[in-house]
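Fold and contact review
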Amino acid sequence: MSVSLKISNVSKVFDKNVALNNVNLDIQAGEFICLLGPSGCGKSTLLRIIAGLEQPSEGKVYIGDRDVTNLPPSRRNFGIMFQSYALFPNLSAFENVAYGLRNKKMKTRDIEERVNRLFDMIKLSNAKNRLPSEMSGGEQQRVALARALATEPDFLLLDEPLSALDAKVRISLRKEICNIQKELKLTTIMVTHDQDEALTMADRIIVMNKAVVMQSGTPEEIYEKPENQFVADFIGSINFIDDRKSKAYGFSQKGETAIRPEKIAISREKQESDMRGKITDIEFRGFYDRVSVNVNHIIYGDLNLAVDVPFQTAKAMEFHVNDNVFIKLPREEMLTFETRV
Ligand SMILES: Nc1ncnc2c1ncn2[C@@H]1O[C@H](COP(=O)(O)OP(=O)(O)OP(=O)(O)O)[C@@H](O)[C@H]1O
């Protein structure tokens, strides 16, 4: 079974340190939520409050319609997975997964059936009898996932589960976790500070900073329509143009504007409404080049813009530092922020 969760006006203060400031969240049954934000923004504290491992200073937590604010973790029926694999080192992979079921006094035959099914799911059936020390980090983390799922929890909490793994393993495990989550339709909340992880895995991302929620939205909404400068800057790359220059160049009547580097068009020939600029730097970034362009205007002031150009295009155009180029900032791709947050 999958459940909805509700966080209502939750604050948490440690001594004088505010870790969460009036956080509200509605999480639908079966949703995959990522809590994303820089170190210290309060995301782990929020996860721990949902788990019941920490009590809020104010506010309430609901599982479905039930107020669980004062319930201990053992009565909230969730599975949890941490960054460190946290497997019992002296138990086989099988016994690690079976542990919670044996505690629940489940029949041996039922335990075997369920654990075997979980090992099929994590595609590690051939490693059931190995000790954690005989498994790779990625394998141990898959066992930790099976263990979190063994007691058929109502929801799943993941605290940076992939951050200790190397890049290749991390990417393949992202897919596996998503597939299993979708198959089980299990409400899942994952803490991460890795934006790629959040963008590729989440149904909805909650971006946090300094104890508050900055924006909640689908990965596309967060990337394409950031509601404030923090979100725009934290996810992906972006060029900011301050309000004075934005007004002078005619980008906005009021407020700062911004545009992502890949949304800027660059060419060698002038077309209507293009601005003339000079390349000041070219950085190879793998499948694209980041080209820095300076637009010089005696009255309006300089614009220094990062422009991302697909590698093949950049190669065909043979850009070099000091080349004159023309750039266009499509108005429909520009973001305007009336106030700074
Ligand atoms: N037990 C505690 N006692 C005192 N302060 C705490 C405690 N736990 C967290 N904090 C503080 O609360 C704030 C939020 O911490 P939290 O661990 O939730 O952040 P985070 O976003 O998960 O960061 P990270 O990505 O580094 O884990 C931080 O300023 C932290 O120092």
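Procedures and definitions
Residues numbered from 1 in each chain as written. Predicted model: local features only at pLDDT ≥ 70, side-chain atom pairs only at ≥ 80, totals over all residues. Helix = DSSP H or I, 4+ residues; strand = E, 2+ residues; numbered from the N terminus. Buried ≥ 20, exposed ≤ 12 C-beta atoms within 10 Å, placed from the backbone. Axes fitted to C-alpha atoms, helices over the stretch in contact; angles between N-to-C directions. Parallel < 35°, antiparallel > 145°, perpendicular 65-115°, else oblique. Left-handed = near helix turned anticlockwise from the far one by under 90°. Contact = placed C-beta atoms within 7 Å. Nonpolar A, V, L, I, M, F, W, Y, C, P; charged D, E, K, R; others polar. Near = placed C-beta within 6 Å. Pairing = 2+ DSSP bridges. Core = buried A, V, L, I, M, F, W, Y, C linked by C-beta atoms within 7 Å. Domains from an automatic or database assignment.

- Under an unreviewed UniProt entry, the name given to the chain is ATP-binding cassette domain-containing protein, and the organism recorded is Bariatricus massiliensis.

Considerations on unusual backbone geometry
- For asparagine 22, which is not glycine, the phi dihedral falls at a positive 55°.
- The topology assignment puts asparagine 22 in strand β2 (residues 17-27).
- The backbone of glutamate 152 sits at a positive phi, close to 50°, despite the residue not being glycine.
- Within the secondary structure layout, glutamate 152 lies in the loop between α4 (137-150) and β7 (155-159).
- Judged by the 13 C-beta atoms lying within 10 Å of it, glutamate 152 falls in the partly exposed class.

Things to note about the packing of helix α3 (residues 108-121) against α4
- Between α3 and α4, whose axes approach to 10 Å, the crossing angle comes to 140°. Relative to α4, the element α3 lies oblique. Considering only the axes of α3 and α4, their crossing is right-handed. Judged by residue contacts, Arg114, Val115, Leu118 and Phe119 of α3 engage Ala146, Leu149 and Ala150 from α4.
- Split by residue class, the contact of α3 with α4 holds six nonpolar, no polar and one charged.

Some details on the site of the ligand
- Close to the ligand lie Phe14, Asn17, Ala19, Gly37, Ser39, Gly40, Cys41, Gly42, Lys43, Ser44, Thr45 and His193, which account for all nearby residues.
- Taken together, the elements giving at least two residues each to the shell around the ligand come down to β2 and α1 (43-51).
- The greatest single-element share of the shell around the ligand, amounting to three residues, is contributed by α1.
- Across the shell around the ligand, the residue classes break down as three nonpolar, eight polar and one charged.

Focus: the pairing of strand β4 (residues 58-63)
- By the bridge criterion, five bridges tie strand β1 (residues 5-14) to β4 in an arrangement that is antiparallel. Counted as the bridge partner of lysine 6 is tyrosine 62 from β4.
- Bridging between β4 and strand β5 (residues 66-67) involves two bridges; their strand directions are antiparallel. Bridge pairing links isoleucine 63 to arginine 66 in β5.
- Adjacent in sequence and paired antiparallel, β4 and β5 are bridged by two residues, among which glycine 64 carries a positive phi angle near 60°.

As for the nonpolar core
- In terms of nonpolar packing, the biggest core is built from 86 residues, with Cys34, Leu35, Val97, Ala146, Ile206 and Val207 touching the most fellow members.
- It is α4 that contributes the most residues to this core, seven residues altogether.
- Here this core gathers at least three residues from each of two domains, domain 1 (5-234) and domain 2 (239-337).
- Once you skip the residues sitting within four places of it in the chain, valine 97 turns out to touch Val115, Leu118, Val143, Ala146, Arg147 and Ala150.

Comments concerning the domain arrangement of the chain
- In terms of domains, the chain is made up of domain 1 (5-234) and domain 2 (239-337).
- Between the C-alpha centres of domain 1 and domain 2 the distance comes to 40 Å.
- Listed as interface residues are four residues of domain 1 and, on the opposing side, five residues of domain 2.

A word on the environment of valine 309
- In this fold, valine 309 is placed in strand β16 (residues 303-310).
- You can call valine 309 buried: it has 22 C-beta atoms within 10 Å.
- Once you skip the residues sitting within four places of it in the chain, valine 309 turns out to touch Ile266, Tyr288, Asp289, Val291 and Ala314.

Notes on α1
- Among all positions of α1, only Lys43, Thr45, Leu46, Leu47, Ile49 and Ile50 are buried.
- Following α1 by one or two positions, glycine 52 adopts a phi angle in the positive range, close to 90°.

A word on the pairing of strand β14 (residues 275-284)
- Direction of pairing for β14 relative to strand β17 (residues 324-328): antiparallel, over a ladder of four bridges. Its bridge partner being in β17, arginine 276 is matched across the sheet by phenylalanine 326.
- As paired strands, β14 and strand β15 (residues 288-295) are joined by six bridges and run antiparallel to one another. Counterpart to phenylalanine 284 in the pairing with β15 is aspartate 289.
- Where β14 folds back onto β15 in an antiparallel hairpin, the turn is made up of three residues, including glycine 286, whose phi is positive at roughly 95°.

Details of the environment of threonine 69
- With respect to the helices and strands, the residue threonine 69 is situated in the loop between β5 and β6 (78-81).
- With 15 C-beta atoms packed within 10 Å, threonine 69 lands in the partly exposed category.
- Taking C-alpha positions, threonine 69 is 7.4 Å from glycine 52, a pair spaced 17 residues apart along the chain.

With respect to the sheet that holds β2
- Read across the open sheet, the four strands follow the order β2-β1-β4-β5; overall the sheet is antiparallel. Pairing within the sheet leaves two strands with one partner each, and these edge strands are β2 and β5.

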